[in-house]
Structures are given as C-alpha cells and as structure tokens.
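What the coordinates show
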Amino acid sequence: FVHSRAETGKTAKALRDLALERDEGSNFARDGGATQEILREEASTVKNADLKEVLPHGFAIHHAGMGREDRELVEDLFADRHIAVLCTTATLAWGVNLPAHAVIIKGTQIYDP
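A brief structural summary. Please read all numbers here as calculations on a predicted model, not as lab measurements.

Quick notes on the side chain of Thr11
Considering the arrangement of structural elements, one finds Thr11 in helix H1 (residues 5-21). Thr11 sits in the buried class, given a relative accessible area of 10%. Within polar-contact distance, the side chain of Thr11 engages the side chain of Lys106 at 3.0 Å.

In structure tokens:
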C-alpha cells in the first residue's frame, strides 16, 4: 500500500525497473508463459498509462482515480494470480476482498494540511 495515487505508478515502475535490472523479471511474468501473454493482451486495452506500462511485466496499480474498467481488470487479474505485485492506495482495502500472500505498507506518514 502507498499513500497517494501518483505513488502507485512510481512505486510499480521502480519495482519493475529493479526486477529487470537484476534480471529477475521472469519471477513476475514468466517468458513465454500464458500469464505473460494474457498480461500483454490486457495491457493493450487499458486506459491508464502507468498500468499500461507495468502490466506486461506482472506488476499493476489500483486507485480510485482509475477508470472502473481498469480497476476491475486489475482486480480480476490479481484474483486469478496473473499479477504478482500490486501497488495500491488504501481504497482497495475498503471494499475489495483480494487475499494476498504478503502485504507491504510503504511509509506510515501521510500529508495532513
């Protein structure tokens, strides 16, 4: 979980870049596997630019600012175990039941004017 909508994309891209830099991208979307093909096909249909960029690599984002179709697609792909890493705001925890193997909370401080 991250604290802002913008941070979902930044975090997902940073994690994707780190995985690729370490040549560990296949841990998130196996080369030539069905999941990778599904993710590539679905990435071509999404409207959110950050999601489109990270989805083929097994990473995704989710926040209230995304279109309903993109959010529902991410929820379905995560539930079907095609998405390995999901960077999201707390809104996902408020109304969607998506069990995860591990949860990481990035920072515990938020901006409060």
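There is more to say after this.
Looking at the environment of Thr11
As for Thr11 and Ile104, which are separated by 93 residues in sequence, their C-alpha atoms are 12 Å apart. Leaving out residues up to four positions away in the same chain, Thr11 has contacts with Val2, Cys87 and Lys106. In this structure the side chain of Thr11 is engaged in a polar contact, spanning 2.8 Å, whose partner is the backbone oxygen of Glu7.

Observations regarding H1
With 17 residues, H1 should reach 24 Å at 1.5 Å per residue; the first-to-last C-alpha distance of 25 Å fits that figure. Within the sequence span of H1, burial applies to Glu7, Thr8, Gly9, Thr11, Ala12, Arg16 and Ala19. Looking at the packing, one finds that the buried side of H1 touches helix H3 (49-54), strand E1 (59-62) and strand E2 (85-88). Backbone geometry just after H1 places Asp23 at a positive phi near 55°.

Things to note about the packing of aromatic side chains
Applying the stated criterion to the full structure yields 1 aromatic pair. Relative to Phe59, the ring of Phe28 lies with its centre 4.8 Å away and its plane at 40°, an arrangement referred to as tilted. Taken together, the residues span a long stretch of sequence, with Phe28 in the loop between H1 and helix H2 (34-43) and Phe59 in strand E1 at a distance of 31 residues. Note on Phe28: relative accessible area 24%, which makes it partly exposed. By relative accessible area, Phe59 is classed as buried at 2%.

Here is what the cut-offs are and how they apply
- Within any chain, residue numbers begin from 1 and follow the written order of that chain's sequence.
- In keeping with the model being predicted, local features are shown solely for residues with a pLDDT of at least 70 and side-chain atom pairs are shown and tallied solely at 80 or more, while totals for entire chains, interfaces and linings include all residues.
- The basis for every side-chain value is the complete set of non-hydrogen atoms in the structure, without hydrogens or water.
- Helix and strand definitions here come from DSSP, where helices need a minimum of 4 consecutive H or I residues and strands a minimum of 2 consecutive E residues; each element is numbered from the N-terminal end.
- The buried label applies to any residue whose accessible area, calculated with a 1.4 Å probe on protein chains only, is under 20% of its type's maximum; exposed applies above 50%, and partly exposed to all values in between.
- N or O atoms within 3.5 Å of each other form a polar contact, as long as, within protein, one can give a hydrogen and the other can take it, and as long as residues adjacent in sequence are counted only when both atoms are side-chain atoms.
- The contact definition used throughout considers only heavy atoms, calling two residues in contact when any of these lie within 4.5 Å.
- A helix is expected to reach a length of 1.5 Å times the quantity of its residues less one.
- The rule is short: rings of Phe, Tyr and Trp, with Trp giving its six-membered ring, pair when the centres are within 6.5 Å, and they are stacked under 30 degrees, edge-to-face over 60, tilted in between.

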